[in-house]
Amino acid sequence: MSTLVDDPRIMEFDVRTDEMLINMGPQHPSTHGVLRLVLRTDGEVVSEVTPQIGYLHRSAEKIGENLVPRQWIPYTDRMDYLAAMNMNLGWALVIEKLMRYEPPEKGRHLRVIIAELGRIASHLVAMGTYGLDLGTFSPFLYAFREREKILDLFEEVCGARLTYSYITVGGVTADFPSGWLQKCEAFLDQLVPVIDEYHALLTTNAIFIKRTASIGTMSPEMAIDYGCSGPVLRGSGVDHDLRRDGEDIYTAMYDGYAFEVVAEKDGHYPRDHQYPAVPHEARLGDSWHRFYVRMLEVIQSMDLIRQGIDRYSLATDGHGEPMKLTQKLPKGEAYLETEAPRGQMGFYVVSDGNAIPWRARARSSSFSNLWITGQLCRGCLIADIPSIVGSLDVVMGEIDR
Amino acid sequence: MGEAIYWPSFFFLLFAAVACAFAVAVLLATNIVRMAFYLVVSLSATAGLFFLAGAEFVGAMQLMIYVGGTMVLLIFGVMLTSQERFVEMKTWSGDWVFAFLIGAMLLMILIPAAFSVPQWSGLDRAEVASVSEVNMATPLGMGLLGVRVDQLDRPHQPDVAAQPDGAESQKEPARQVPIQPGYLLLFEIVSVHLLVVLVGAAYLARARRAN
Amino acid sequence: MALYLSNFMWSWLAYTIAALVHVVLILSLVAGGALLFIWLERKISGRIQDRLGPTRVGGKFGWLQTLADGLKLLTKEDLMPEGADRMLFRLAPYISFAASLAAYIAIPFAGGAYLLGAAPWVAQHVNVGVFFVLAVLGLEVFGTILAGYSSASKWSLFGAMREAAQVVSYEVPLGMCVVVPVLIAGSMDLSLIGDRQAGLFTNWLIFHDPFTFIAFWVYLTCATASVNRAPFDLAEAESELVAGFHTEYSGLRWSFFFMAEYGSMLSVSLLAVILFLGAWHGPLPIATWLGLTAEHGAIAMNLGKLLGLINLLLKAVVGVSVMIWVRWTLPRLRIDQVITTCLKYCTPIAAGMLLGATLWQYQFPSRSFFGLTEVPQAVYHLREGPQQAVQNSGSSPESREGTDVPEDEIATVNHPARRGGQVSASDTIPQESIARLR
């Protein structure tokens, strides 16, 4: 385990003569926001990496003790701001669990469609910024071009493009506008060939493979020990996805949907789509696999959305009424983890019977995923650090809250 | 019209002044990177002198090997070995005395040596102007191959004259030149030797890891 | 030029004006080139990335965008870190730029010294031009290293170290690739190498034999690496080293590094074109067909040269565009992979190509286009000319004054060593030795 450094100046005095102590961040182009990595390097070789967090702390959890659950929804938007829909969903579900409320059928499929669109949007950013980390700019803009289309769809349903506050306790703020589903399907149709472009530009690119294959290899045991989740965990070949393995109140949402968890089993990924083969340089659990899992999850999410659209069209009941602001919460506590794009996002709420929760907490997947960098980056080169940290795809807003 | 300024002399003096001034600056500087920088300027000015003399090959060589290669390696070495950011070097007064003695002795040898070469003195400007036309790199390469450049303008090769059919030998005169050993092989041996030394030095200096 | 001017004015003024004209021409080429290439880079990257690129400044295509950028850079605050070595920090960008600029001194822009009948368009004719350009281009790294060292920033230092390691190692295969055309042309004189490729595109040295063909691509790779362009842009690797060696630079000083970068890009492209891609000769000898040669007077000749200049610059711009295209497509290599590419692939391949080209030249000395065509008569003169002169003049040195050379041998008349009105012995050496080797 890497040790926490309180004052880097103290460290600088006891480093050996040929070592250098470098601050990577919080103002650094490749640290995805305000992450600060303290590197101890011997030339280009990194001997120790210590992540320093807290530069984006906004006391969101404390604020949650002073707001009713629906008022706290905008604060969850700003946790993982790249997948705000999934954050909304996590908080909404935990309150619904506390209240033992079940959303209507139509609202359930609507949430699936929105959550999976959010996952695609998030993974597109992960892909594009990973390209940036490796020094290629163009995939980033290709990714954002498609993400913008998703944001257009989101804008139509809720009026916002980044912080939606759309999924809320009890349902969603508004139903889909008319014609939205056709637009959504059209988007999915045109995304299929674009994904092949991404594969050509990054996944199968010789330099990309050189930069990612066998870099930052994480064994399944290590990934579990560090509490990693999401694509980071599945990239190590652990077959675990809360949409299938989670609590009933969450898996009920995906009840009846056909999907296979994207994780390598017996040397193979589930193949429901044409995508490139694993290069021979790649080892299970390396940066390349983590990237690849995300790319496959985009295809998986597209499939889920298509299923959701079919089911949504068949459903006849409403999309669910948002909970009243003055409604009192039942006394007790509830904790629920959902499968956000970056991993298991947990929300915890304790209520003393008032409308305002007594305690609101969030468990961030990025936090656990980030903390393994100290282990993964030991002995790597400086250039591998963006390659590893980028493949973990952390969002500081979620870690610092 | 007017010959107010004789340009070759002007540039010679300019380059020579720069070379000397920065050579002195190397001595006076205490910061090792600045020393390296001054040395580069001094060596570049020397390269300029070579170009001025029409020895373009030597000038380019000077730029490439001394200014380019050696200085980069020197800086590299300084950066790799220095433990503080800006390394300061102080010269002891005893060292100054020794340096002056040795420098003065070298100068005393070099100056008479330079003036003792008869070809280097008494040239008029027309002769100087013609120098740059004949100084090409080719003789150097040919010399390495064993061709005596300085003897090529001899009217008859002995063995050519010995040939019974003079007309045929005129068509292919070059075939008759006996192949001389040249210096290329020796040159190669020396360079390979240097390479071996470099590899050996790198091997000896490499960091030893525990496992 | 200076000699011509000195008929009208004092010689010192003539020399000064002649020198100034060259300086201004080269400076405007480099600065204009940088203006064009930065615009081109923005435009090409825009198109590659499904954007338009600049569209507003200066009309429809945003072609004045670079100028606007330059004005913005002028107004930026000139920052200097507190712990910096102030003198070296100030000097470093100018050293980079000066080195990049100096390479243009020896690059000929239109030749025809031998075929068209007059001196090439070059600021200073250097008979070891190839060597000189390589040597000077290698100096650019010095500015980078000084910048990295004097910035008092660890990121800058890392960038400088990477640059030094990279440039020093890539000079080896680069030099070897350059030697291949030098070997075929039998000269280090850039204008001579260029004119060796006159006529149809089949005479271009890239098509001379399979080895030169591969050597060209190795040269392109190494040249990209030596001017620090992606995927070898490790010295300024944004995602790793913030901005590498120029992290601490701002404003005009920063822009000098970029002028140097674009200047070097153009000069290595020019070198590639001169060495491999027919220099100032187009794929078809249109200038000759149109009669724009020395036989038809000075105006025709200079028009032909102008055509050659345009030809050369167009090809060089294509070369730069390829570098831009590559930059916006590929991810960046890691430092160890860059060095591996150099030492394990480029250097052995370049060495092999050098050996192969030597053997090919030995086996098919006067063939071109992969051995399929003859080297045309005009080009043949170029190489054989002086030797024929020797044969014509017999063995007596007195008669070798160049007066009895047949008129059709323009090549011989204009040989640089003859311009001084005398023939040196060294002229005859390469040809004799070539003949002996056969």
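Source: prediction; values computed, not measured.

Caption draft 1: Quick look at the overall build of chain A. A count of helical and extended segments in chain A gives 17 helices and eight strands. For a compact globule of 401 residues, the expected C-alpha radius of gyration is about 21 Å, and chain A comes in at 21 Å, within 12% of that figure. Considered along the principal axes of its C-alpha atoms, chain A spans approximately 70 × 50 × 35 Å. The 401 residues of chain A split such that 51% are buried.

Caption draft 2: Structural context of the overall build of chain C. On a plain count of helices and strands, chain C comes out with 16 helices and two strands. Counting the 438 residues in chain C, one finds 53% classified as buried. In chain C, once contacts between residues fewer than 6 apart in sequence are set aside, the share between residues at least 24 apart is 75%.

Caption draft 3: Highlighting the interface of chain C and chain A. With 23 residues of chain C in contact, the opposing surface of chain A contributes 26 residues. Going through the elements one at a time, helix H6 (154-185), helix H9 (238-241) and helix H13 (335-363) of chain C are the ones with two or more residues in the side of chain C that touches chain A.

Caption draft 4: Seen up close, the environment of C:Ile214. Residue and element names in this part refer to chain C. Within the secondary structure, Ile-214 is located in helix H8 (residues 210-226). For Ile-214 and Ser-267, which are 53 residues apart along the polypeptide, the C-alpha to C-alpha distance reads 21 Å. If sequence neighbours within four positions are ignored, Ile-214 has contacts with Ile-349 and Met-353.

Caption draft 5: Layout of helix H5 (residues 105-133) of chain A. Residue and element names in this part refer to chain A. Over its 29 residues, H5 runs 42 Å from end to end, which matches the ideal 42 Å to within 8%, given 1.5 Å per residue. Most of H5 sits out of view: 28 of its 29 residues are buried. At the exit of H5 stands Gly-135, carrying a positive phi of roughly 90°.

Caption draft 6: Examining the sheet that holds strand E6 (residues 332-340) of chain A more closely. Residues and elements named next belong to chain A. Ordered by their spatial adjacency, three strands build an open sheet running E6-E7-E8, and the pairing between neighbours is antiparallel. Where the open sheet ends on each side, the last strands, each with one partner, are E6 and strand E8 (359-363). Strand after strand, the sheet turns through a mean of 15° between neighbouring axes, direction not considered. Pairing of E6 with strand E7 (residues 343-351), which is carried by nine bridges, proceeds in the antiparallel orientation. In the strand pairing of E7, Tyr-335 is matched with Tyr-348. Packed onto the sheet, helix H4 (residues 84-99) meets E6 and E7 and runs at close to 150° relative to E6.

Caption draft 7: Representation of H8(C). Residues and elements named next belong to chain C. Taking 1.5 Å of rise per residue, 17 residues should cover 24 Å, and H8 covers 24 Å from first to last C-alpha, within 8% of that figure. Summarising burial for H8: twelve of the 17 residues are buried, a large majority. Among all positions in H8, only Phe-211, Thr-212, Ala-215, Phe-216, Val-218, Tyr-219, Thr-221, Cys-222, Ala-223, Thr-224, Ala-225 and Ser-226 are buried. Residues of H8 that are buried make contact with helix H5 (129-150), H6, helix H10 (251-275), helix H12 (297-327) and H13.

Here is what the cut-offs are and how they apply
- Residues numbered from 1 in each chain as written.
- Chains lettered and ligands numbered in written order.
- Predicted model: local features only at pLDDT ≥ 70, side-chain atom pairs only at ≥ 80, totals over all residues.
- Helix = DSSP H or I, 4+ residues; strand = E, 2+ residues; numbered from the N terminus.
- Rg over C-alpha atoms; globule rule 2.2 N^0.38 Å.
- Buried ≥ 20, exposed ≤ 12 C-beta atoms within 10 Å, placed from the backbone.
- Contact = placed C-beta atoms within 7 Å.
- Expected span 1.5 Å × (residues − 1).
- Pairing = 2+ DSSP bridges.
- Axes fitted to C-alpha atoms, helices over the stretch in contact; angles between N-to-C directions.

Bear in mind that shape data such as this cannot, by itself, settle questions of function.
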